Amino acid sequence: MPPFRLSAGILLYRRQNEMLQVFLVHPGGPFWAARDHGAWQIPKGNVEPGEEPADTARREFREEVGSDPGGTLEPLGRVRQSGGKWVEAFAVAGDIDATNIVSTYCEMEWPPRSGKRISIPEVDRAEWFTLDAARIKMLASQQPLLDRLQEIAGA
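The rules behind these values
Residues numbered from 1 in each chain as written. Predicted model: local features only at pLDDT ≥ 70, side-chain atom pairs only at ≥ 80, totals over all residues. Heavy atoms only, no water. Helix = DSSP H or I, 4+ residues; strand = E, 2+ residues; numbered from the N terminus. Buried < 20%, exposed > 50% of the residue type's maximum accessible area, 1.4 Å probe, protein only. Areas by Shrake-Rupley, 256 points an atom, 1.4 Å probe, with all protein chains shown as cover. Lys, Arg positive; Asp, Glu negative; His and termini not counted. Charge placed at Lys NZ, Arg CZ, Asp CG, Glu CD. Salt bridge = Lys/Arg side-chain N within 4 Å of Asp/Glu carboxyl O. Phe/Tyr/Trp six-rings, centres within 6.5 Å; stacked < 30°, edge-to-face > 60°. Lys NZ or Arg CZ within 6 Å of the ring centre and 35° of its normal. Arc of directions from axis to C-beta. Contact = heavy atoms within 4.5 Å. Core = buried A, V, L, I, M, F, W, Y, C linked by side-chain atoms within 4.5 Å.

Take the overall build of the protein chain next. Within the protein chain one finds three helices and eight strands. Reading the helices (α) and strands (β) of the protein chain from amino to carboxyl end gives β-β-β-α-β-β-β-β-β-α-α. Taking the principal axes of its C-alpha atoms as reference, the protein chain extends roughly 50 × 35 × 25 Å. Relative to its 155 residues, the protein chain shows a buried fraction of 44%. Element-wise, carbon and sulfur atoms account for 50% of the exposed surface of the protein chain, whose accessible area totals about 8,300 Å². In the protein chain, the 18 positive side-chain charges and the 22 negative ones have mean positions that sit 7 Å from each other.

Structure, rendered in structure tokens:
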């Protein structure tokens, strides 16, 4: 049996013109480059041994977006992604400029099994979405987080 894999992330939200909006990121790199619908997600990353998921969520937000989300973390629970990894999510009320993100870079093998390594941004762009738009853009496995957010923040 493979080891339990856990990531943690933050679903940042705000009210704009009386509407609830969520901040999502688009993963960088060639695998995701041509994907839009069903590709966007919350900033998240692996929980390291001995690290609390809330600390991971804040760290990953800073690494992928380039700023601290601030605010109080409100637990949204866990969702399981299609690859088997679990994501523990937290909601935070806040507002940042989605056009001004600064993501860290990572290395990956590309093309697969080629032995060649390329450097890619973890996140290539970010955007604010209404809940309806987010349901189209977001990874299907993370969409239940939107329903949980509506419960705690109101529609």
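From this point on, the discussion continues.
Attention now moves to the pattern of salt bridges. Per the stated rule, a full pass over the model turns up twelve salt bridges. Between Asp-95 and Arg-14 there is a salt bridge whose closest N-O contact spans 2.7 Å. Separated by 81 residues along the polypeptide, Asp-95 in the loop between strand 5 (86-93) and strand 6 (105-109) and Arg-14 in strand 1 (residues 6-16) bring together distant segments of the chain. One salt bridge connects Asp-36 with Arg-125, and the closest N-O pair in it is separated by 4.0 Å. Residue Asp-36 is located in the loop between strand 2 (19-27) and strand 3 (44-46), and its partner Arg-125 is located in strand 8 (residues 123-130); the two are separated by 89 residues in the primary sequence. Residue Asp-36 is classed as partly exposed on the basis of its relative accessible area, which comes to 27%. Taken together, the shared-partner salt bridges connect Asp-36, Asp-124, Arg-125 and Lys-137 into one network.

By convention here, two paired aromatic rings are described through the distance between centres and the angle between planes. Counted by the stated rule, this structure contains four aromatic pairs. Centre to centre, the rings of Trp-40 and Phe-129 are 5.1 Å apart; their planes meet at 75°, and the pair counts as edge-to-face. With a gap of 89 residues between them, Trp-40 in the loop between strand 2 and strand 3 and Phe-129 in strand 8 connect regions that are remote in the sequence. Phe-129 shares its class with Trp-40; the two are buried. Members of the aromatic cluster, connected to one another through ring pairs, are Phe-23, Phe-61 and Trp-128. Its guanidinium or amino end placed over the ring of Trp-128, Arg-14 lies 4.1 Å from that ring's centre, counting from NZ or CZ. Here Arg-35 stacks its cationic end above the ring of Trp-32, 5.7 Å away from the centre of that ring.

A word on helix 3 (residues 144-153). Taken as a whole, helix 3 has its buried residues at Leu-145, Leu-146, Leu-149 and Ala-153. Taken down its axis, helix 3 places every buried residue within 100° of arc, on the same side. Buried-residue contacts for helix 3 involve strand 1, strand 2, strand 4 (74-80), strand 5 and helix 2 (131-137). Looking one or two places after helix 3, you find Gly-154, whose phi comes out positive at around 80°.

This next bit is on the environment of Ser-119. Structurally, Ser-119 is set in strand 7 (residues 117-121). Distance in space between the C-alpha atoms of Ser-119 and Thr-56 is 23 Å, their sequence separation being 63 residues. Once residues within four sequence positions are removed from consideration, Ser-119 is found in contact with Tyr-105, Cys-106 and Glu-107.

Ranked by internal contacts, the top residues of the largest apolar core, which has 20 residues, are Leu-11, Val-22, Leu-24, Ile-42 and Leu-149. Ranked by residues supplied to this core, first place goes to helix 3 with four residues. The residues touching Leu-11, leaving out its near neighbours within four places in the chain, are Val-22, Phe-23, Leu-24, Ile-42, Leu-76, Phe-90, Ala-91, Val-92, Leu-145, Leu-146 and Leu-149.

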